[in-house]
Amino acid sequence: MIKTIVSIEMPVDERLLIRKNSFSGGTSDKRVCIVTGTHGDELEGQYVCFLLARELHRHPDLLDGTVDIYPALNPLGIDSITRGIPGFDLDMNRIFPGDPHGGMYESTAYSIIQDLVGSTVVIDIHSSNIFLREVPQVRINQLTAEKLVPMARLLDIDFIWVHEAATVLESTLAYSLNVQDTPVLVVEMGVGMRITNSYGERLVAGIFNMLRSLGMWKDGKEPTEYNPIDSTKGHVEFVNADSSGIFLTSKEKPLRASAGEVIGQVVDSLTGETLQEIQLEKPGYVFTIRAYPVVYEGSLLARIFREDAE
């Protein structure tokens, strides 16, 4: 059932509409929410929403509880392929929990929070920007790691990145809901302005696995606990460009890399020189790799997870 959670009049006889597709069945009061489209240039979640809605339509008899799908929290951004809210120069994920008496988007953010609060779990899907490619991962802050890491293991992802609490932005959707005891898993995957089918299909399989674990999906299969790489068992290193140039890599997707392996080069296309060679001194898991080749001094080229020595 399509429901409208925000409807605001705009100029020229238009309306800002934020809608969800709500699927309910059985007698359980559990509710799982899938949200995406907070940033208009992050499109990976659109495929996930499509696959989920299609499967829930096909097998309504298997659902015991409620699944709400919110494909576009920032519909104007998606329509214009703009990361923020066009015309307002606002990042939608920096104005939560909102204000019912504030401006248009502050009140919109408040309405979204009120519609999500109290859910059994919220899965907040993001892509990277156009510059970086990310493996399917869940990002969790240390304040909620004990509660959320076991939930993240139910999703078919490659990596769980537990951030230090100091890096947490209190104005995000995830933080605003987590502090209200509504668990939120932030999924990051793929690259901006693109859809990576295999990533979306894996995440959808993981979401149904989570529904099985919650007793909400009665297809007769046993839930699986996946074993993604966990950042708490090591540390994350950032690799940045030493100079401006063109970044070349044979590693089109993030992956495990061995000691001594070259994962990329920054080159000068005018002189033919190699300005920087990114060679790993120790083995690691490259979970972020540069996707856009033009770089400047300081540009992020890769994030690498390294397990701590026993």
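This text follows the structure it describes.
(A) Spatial organisation of the nonpolar core. Membership of the largest hydrophobic core comes to 40 residues, with the highest contact counts inside it found for Ile140, Leu155 and Leu185. Filtering out sequence-adjacent residues up to four positions away, Leu185 remains in contact with Val121, Val122, Ile123, Asp124, Val138, Ile140, Leu148, Met151, Ala152, Leu155 and Met210. Ala109, Ile113, Leu173 and Leu177 belong to the second largest nonpolar core, which has 26 residues in total.

(B) Representation of the pattern of salt bridges within the structure. What the rule picks out here adds up to 13 salt bridges. The closest approach of N and O atoms between Lys20 and Asp68, which form a salt bridge, is 3.3 Å. Taken together, the positions of Lys20 in strand E2 (residues 14-25) and Asp68 in strand E4 (residues 65-70) put the pair 48 residues apart, joining distant regions of the chain. One network of salt bridges, with partners in common, ties together Lys20, Arg31, Asp68 and Asp115.

(C) Structural context of the pairing of strand E5 (residues 121-126). Most of E5 is tucked away: 6 of the 6 residues are buried. The alternating pattern of E5 places Val121, Ile123 and Ile125 and Val122, Asp124 and His126 on opposite faces, both of which are buried. Both strand E3 (residues 31-35) and E5 contribute to a ladder of 4 bridges, which runs parallel. In the sheet register, Val32 faces E5, and the bridge partner there is Val121. Across 5 bridges, E5 lies against strand E8 (residues 184-190) in parallel orientation. By the bridge assignment, Ile125 is partnered in E8 with Val187.

About the thresholds
As a convention, each chain's residues are numbered from 1 in the sequence order in which they are written. Confidence filtering applies because this is a predicted model: local features only for residues at pLDDT of at least 70, side-chain atom pairs given and counted only at 80 or more, and all residues used for totals across whole chains, interfaces and linings. Side-chain metrics rest on all non-hydrogen atoms present in the structure, leaving aside hydrogens and water. Among the buried residues, those of types Ala, Val, Leu, Ile, Met, Phe, Trp, Tyr and Cys that are joined through side-chain atoms within 4.5 Å form a nonpolar core. For the exposure calls, accessible area comes from a 1.4 Å probe over protein chains only, and a residue counts as buried if that area is under 20% of its type's maximum, exposed if over 50%, partly exposed in between. Here, residues are in contact when the closest pair of their heavy atoms is within 4.5 Å. In the sections that follow, a salt bridge refers to a side-chain nitrogen of Lys or Arg positioned within 4 Å of a carboxyl oxygen of Asp or Glu. Only DSSP runs of H or I covering at least 4 residues are called helices, and only runs of E covering at least 2 are called strands; the numbering of each starts at the N terminus. If DSSP finds at least two bridges between two strands, the strands pair.

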